[in-house]
Amino acid sequence: MQTHSWLASVLVFLVAVVIAVPLSRKLKLGSVLGYLAAGVVIGPYGLKWIQNPDAIAGVSELGVALLLFVIGLELSPQRLWVMRRAVFGAGALQVIGSALVIALIAVFGFHLKPVTAIVVGLGLAFSSTAFGLQILAERRELQSAYGRQAFAILLFQDLVAIPLIAAIPLLADHGSMHAANMPSWL
């Protein structure tokens, strides 16, 4: 019975993608938006064809692993060394600059505590490598100057994502001292 459920989910994904991607391309929106639209339509808040996203999480994890594999195939240590200024210069500037602006908005606009605002800023400063590279590839702009710059920034984000995720529990320990003073309904 479990196999049937899994196969049915795969069939639903394939049918949704076969319909949504050509439609979004015809509308000149790109295949990435087609994938997103298909997910929204078939998901638990749409037509509910996929009711338990946790049950099929392995498929999405496999997709992320394959994406990272493809990026790894395209990036050699020599290419990273050649791109080091763009990756570590522009990439760091983008992440730090965006995180700082978002954190300041969170502190002054939404009255968040500075540590919380930093976590929010860092979380929202990142872009999706899958979306960015897919859109650039569809438009055949990966080899342009701004395409290479965008790739360098996305690569930096991928390189620093894991250390930043690992650092969040350190910030959470700082915030746990204040959790005792919060009302129970929060």
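### Focus on the packing of aromatic side chains
Part 1 of the reasoning: Scanning the entire structure with this criterion turns up one aromatic pair.
Part 2 of the reasoning: Aromatic side chains phenylalanine 88 and phenylalanine 156 sit 6.1 Å apart centroid to centroid with 90 degrees between the ring planes, which places their arrangement in the edge-to-face category. Taken together, the residues span a long stretch of sequence, with phenylalanine 88 in helix α5 (residues 84-110) and phenylalanine 156 in helix α8 (residues 145-179) at a distance of 68 residues.
Part 3 of the reasoning: In this structure phenylalanine 88 comes out as partly exposed when scored by relative accessible area, which is 43%.
Part 4 of the reasoning: The buried category is assigned to phenylalanine 156, whose relative accessible area is 11%.
Part 5 of the reasoning: Cation over ring: arginine 84 sits above tryptophan 81, and NZ or CZ is 4.2 Å from the ring centre.

### Describing the nonpolar core
Part 1 of the reasoning: Counting 11 residues, the largest nonpolar core consists of Met83, Val87, Ala92, Val95, Leu133, Phe151, Ala152, Leu154, Leu155, Phe156 and Val160.
Part 2 of the reasoning: Residue assignment for this core shows that the elements contributing at least two residues are α5 and α8.
Part 3 of the reasoning: Sort the elements by how many residues they give to this core and α8 lands first, with six residues.
Part 4 of the reasoning: Excluding its chain neighbours within four sequence positions, the residues that come into contact with valine 87 are Leu80, Ala92, Ala152, Leu155, Phe156 and Leu159.

The rules behind the values
- Residues numbered from 1 in each chain as written.
- Predicted model: local features only at pLDDT ≥ 70, side-chain atom pairs only at ≥ 80, totals over all residues.
- Heavy atoms only, no water.
- Phe/Tyr/Trp six-rings, centres within 6.5 Å; stacked < 30°, edge-to-face > 60°.
- Helix = DSSP H or I, 4+ residues; strand = E, 2+ residues; numbered from the N terminus.
- Buried < 20%, exposed > 50% of the residue type's maximum accessible area, 1.4 Å probe, protein only.
- Lys NZ or Arg CZ within 6 Å of the ring centre and 35° of its normal.
- Core = buried A, V, L, I, M, F, W, Y, C linked by side-chain atoms within 4.5 Å.
- Contact = heavy atoms within 4.5 Å.

Function cannot be read off these values alone, since they describe shape.
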